[in-house]
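Working through the structure, step by step
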Amino acid sequence: QVQLVESGGGLVQAGGSLRLSCAASGRTFSSYVMGWFRQAPGKEREFVAAISWSGGRTNYADSVKGRFTISRDNAKNTLYLQMNSLKPEDTAVYYCAGRSTWPRPESSKYDYWGQGTQVTVSS
């Protein structure tokens, strides 16, 4: 049983930056693969990025490579998503998620999900 709470969303101009955080509690945070997903109104939930237990391996959607950076601080039980060069098409509710294993981290089949935080990028 893991609880995840996102924060850091808001309104930003195109080209700007934003950092999202996800605080974990209830279980050992370092034991989980963590990911970020996003969902715009009327659209399917979309994979954004994932990170392994140790932080040594990451995976990104093609749409965010070179712009977004996923990281984790296991001592603080916190996951981060640094978003740079934001575009209007990045507008969505962003969710953090956790699961036990690494294979195919782009899959949406995660065990635990946060409540989401809204990111709006204006043009």
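Provided above is the structure to which this section pertains.
Below is a short write-up of the structure.

Rules of the game
- Residues numbered from 1 in each chain as written.
- Predicted model: local features only at pLDDT ≥ 70, side-chain atom pairs only at ≥ 80, totals over all residues.
- Heavy atoms only, no water.
- Helix = DSSP H or I, 4+ residues; strand = E, 2+ residues; numbered from the N terminus.
- Rg over C-alpha atoms; globule rule 2.2 N^0.38 Å.
- Buried < 20%, exposed > 50% of the residue type's maximum accessible area, 1.4 Å probe, protein only.
- Contact = heavy atoms within 4.5 Å.
- Areas by Shrake-Rupley, 256 points an atom, 1.4 Å probe, with all protein chains shown as cover.
- Lys, Arg positive; Asp, Glu negative; His and termini not counted.
- Charge placed at Lys NZ, Arg CZ, Asp CG, Glu CD.
- Salt bridge = Lys/Arg side-chain N within 4 Å of Asp/Glu carboxyl O.
- Pairing = 2+ DSSP bridges.
- Disulfide = S-S within 2.5 Å.

Some thoughts on the overall build of the chain
Scanning the chain from N- to C-terminus turns up zero helices and eleven strands. Along the chain, from the amino end to the carboxyl end, the secondary structure elements read β-β-β-β-β-β-β-β-β-β-β. For the chain, whose C-alpha radius of gyration is 13 Å, the value lies close to the compact-globule estimate of 14 Å for 123 residues. Of all 123 residues assigned to the chain, the portion counted as buried reaches 44%. Look at the contacts in the chain between residues 6 or more apart in sequence, and 60% of them connect residues 24 or more apart. Working note: accessible area of the chain is about 6,300 Å², and carbon and sulfur atoms make up 46% of it. Between the centroid of the 14 positive side chains of the chain and the centroid of its 9 negative side chains there is a distance of 4 Å.

A word on the pattern of salt bridges
Summed over all chains, the structure comprises four salt bridges. The shortest N-O distance in the salt bridge between arginine 38 and glutamate 46 comes to 2.9 Å. Residue classification places arginine 38 among the buried residues on the basis of a relative accessible area of 6%. Aspartate 90 serves as the salt-bridge partner of arginine 38, at 2.9 Å between the closest nitrogen and oxygen. Linking arginine 38 in strand β4 (residues 33-39) with aspartate 90 in the loop between β8 (78-83) and β9 (92-99), this pair joins segments that are 52 residues apart in sequence. Just as arginine 38 is buried, aspartate 90 falls in that class too. Residues participating in the shared-partner salt-bridge network are Arg38, Glu46, Arg67 and Asp90.

Let's talk about the pairing of β9
The side chains of a regular strand alternate between both faces of the sheet. For β9, a buried count of seven out of eight residues is recorded, marking the element as mostly surrounded by other parts of the structure. Bridge count for β4 against β9 is seven bridges, and the pairing is antiparallel. Bridge pairing in β9 links tryptophan 36 to cysteine 96. In terms of strand pairing, β9 meets strand β11 (residues 117-122) through three bridges, oriented antiparallel. Paired with tyrosine 94 across the strands is threonine 117, a residue of β11. When β9 meets strand β10 (residues 112-113), the two strands line up antiparallel, connected through two bridges. Residue pairing across strands places alanine 97 opposite tryptophan 113, the latter belonging to β10.

So, the state of the cysteines
Considering all chains together, one arrives at one disulfide under this definition. Put simply, cysteine 22 and cysteine 96 are joined by a disulfide, and their sulfur atoms are 2.0 Å apart. One quick way to see it: the torsion about the S-S bond of cysteine 22 and cysteine 96 is about 55°, and its sign makes the bridge right-handed. With cysteine 22 in strand β3 (residues 18-25) and cysteine 96 in strand β9, the pair connects residues that are 74 residues apart, well separated along the chain. Note on accessibility: cysteine 22 and cysteine 96 belong to one class, buried.

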